[in-house]
Amino acid sequence: MESWITEIMEQFGYFGIFFLIAVENLFPPIPSEIILTLGGFMTTYTSLSVTGVVIAATLGSVIGAVILYGVGRILEVRRLEIIVEKYGRILRLKKEDIHKANDWFTKYGVWAVFLCRLVPLIRSLISIPAGATKMNFSSFLILTTLGSLIWNVVLVNVGAAVGASWETIVHYMDIYSNIVYALIALIVVVGAAVFLKKRFKKQ
């Protein structure tokens, strides 16, 4: 994958970075850590600049996030209610649960959108509930841009600073990502256990 990413960035420059980051937002398994740190490293031996790489990456992040926000708008709460009505018994969900989740995101969504842009994997997926809950688009755009900008500035500058040792940074980012994934899995398991316990008590 690294050779493919390098080839695109060397051949298309800033547009290649923009394209790769936009795709990374739509398909989270493609690691932005590699794209950004490698992009930073490339500023040390090509005509690419740190500022240019950051701008291209941020534009790609925003475009990808806006597309996923649109997907969320298409799904919206009403469509989720229909799904729950059909499969709620299997999923042990009720329409009230959908509304509770919607209320939570409405209350805390602003911070969630910003902070989650700094977390691997969910930095992309957070755009879907933002769209589904019809979060104010201007607020979504501003917070997504700010969160993405911080993430991109840090990794691109780190890549430029360490130069040819950029792979070492990717290694540590992988460790960070694995810790995050483990915490997410733990939260999901604990949340599911609490949810099921409440359901059984009511029944």
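Up top is the structure.
One structure accompanies this document, and this report is about it.

The rules behind each value
Counting restarts for each chain, with residues numbered from 1 along the sequence as it is written. A pLDDT threshold of at least 70 governs which residues receive local features in this predicted model, and a stricter bar of 80 or more applies before side-chain atom pairs are shown or counted, although totals over entire chains, interfaces and linings include all residues. To get the side-chain values, take all heavy atoms of the structure and skip hydrogens and water. Put simply, DSSP H or I for four residues or longer makes a helix, DSSP E for two residues or longer makes a strand, and each gets a number counted from the N terminus. A 1.4 Å probe rolled over the protein chains alone gives each residue an accessible area, and that area as a share of the maximum for its type sets the label: buried under 20%, exposed over 50%, partly exposed in between. Each accessible area is a Shrake-Rupley result for a 1.4 Å probe, and residues are judged covered by the shown protein chains and nothing else. Whether two residues are in contact is decided by their heavy atoms: any pair within 4.5 Å suffices. Two rings from Phe, Tyr or Trp (for Trp, the six-membered ring) form a pair when their centres are within 6.5 Å of each other. A pair whose planes differ by under 30 degrees is stacked, one over 60 is edge-to-face, and the rest are tilted. Buried Ala, Val, Leu, Ile, Met, Phe, Trp, Tyr and Cys residues that are joined via side-chain atoms within 4.5 Å together make up what is termed a nonpolar core.

Scanning the protein from terminus to terminus reveals eight helices and zero strands. Taken from N to C terminus, the helices and strands of the protein fall in the order α-α-α-α-α-α-α-α. Burial statistics for the protein: of 203 residues in total, 42% are counted as buried. For the protein, the accessible area works out to roughly 11500 Å², and carbon and sulfur atoms hold 69% of it.

Another aspect to go through is the side chain of Ser 127. Looking at where Ser 127 falls in the secondary structure, it is placed in helix α6 (residues 127–132). Leaving out residues up to four positions away in the same chain, Ser 127 has contacts with Ala 65, Leu 68, Tyr 69, Arg 117 and Phe 140.

Its identity is not glycine, yet Lys 134 carries a phi of approximately 55 degrees, on the positive side. Along the chain, Lys 134 falls in the loop between α6 and α7 (137–162).

Applying the stated rule across the entire model yields five aromatic pairs. Connected via pairs of aromatic rings, a cluster forms that spans Tyr 69, Phe 137 and Phe 140.

Burial within helix α2 (residues 32–42) is extensive, with eleven of its eleven residues counted as buried. Buried within α2 are the following residues: Ser 32, Glu 33, Ile 34, Ile 35, Leu 36, Thr 37, Leu 38, Gly 39, Gly 40, Phe 41 and Met 42.

In terms of nonpolar packing, the biggest core is built from 20 residues, with Ile 5, Met 9, Ile 17 and Leu 36 touching the most fellow members. Contributing elements (two or more residues each) for this core: α1 (2–26), α2, α3 (50–91) and α7. Ignoring any residue separated from it by four or fewer positions in sequence, one finds Ile 17 in contact with Met 9, Leu 48, Val 53, Ala 56 and Ala 57.

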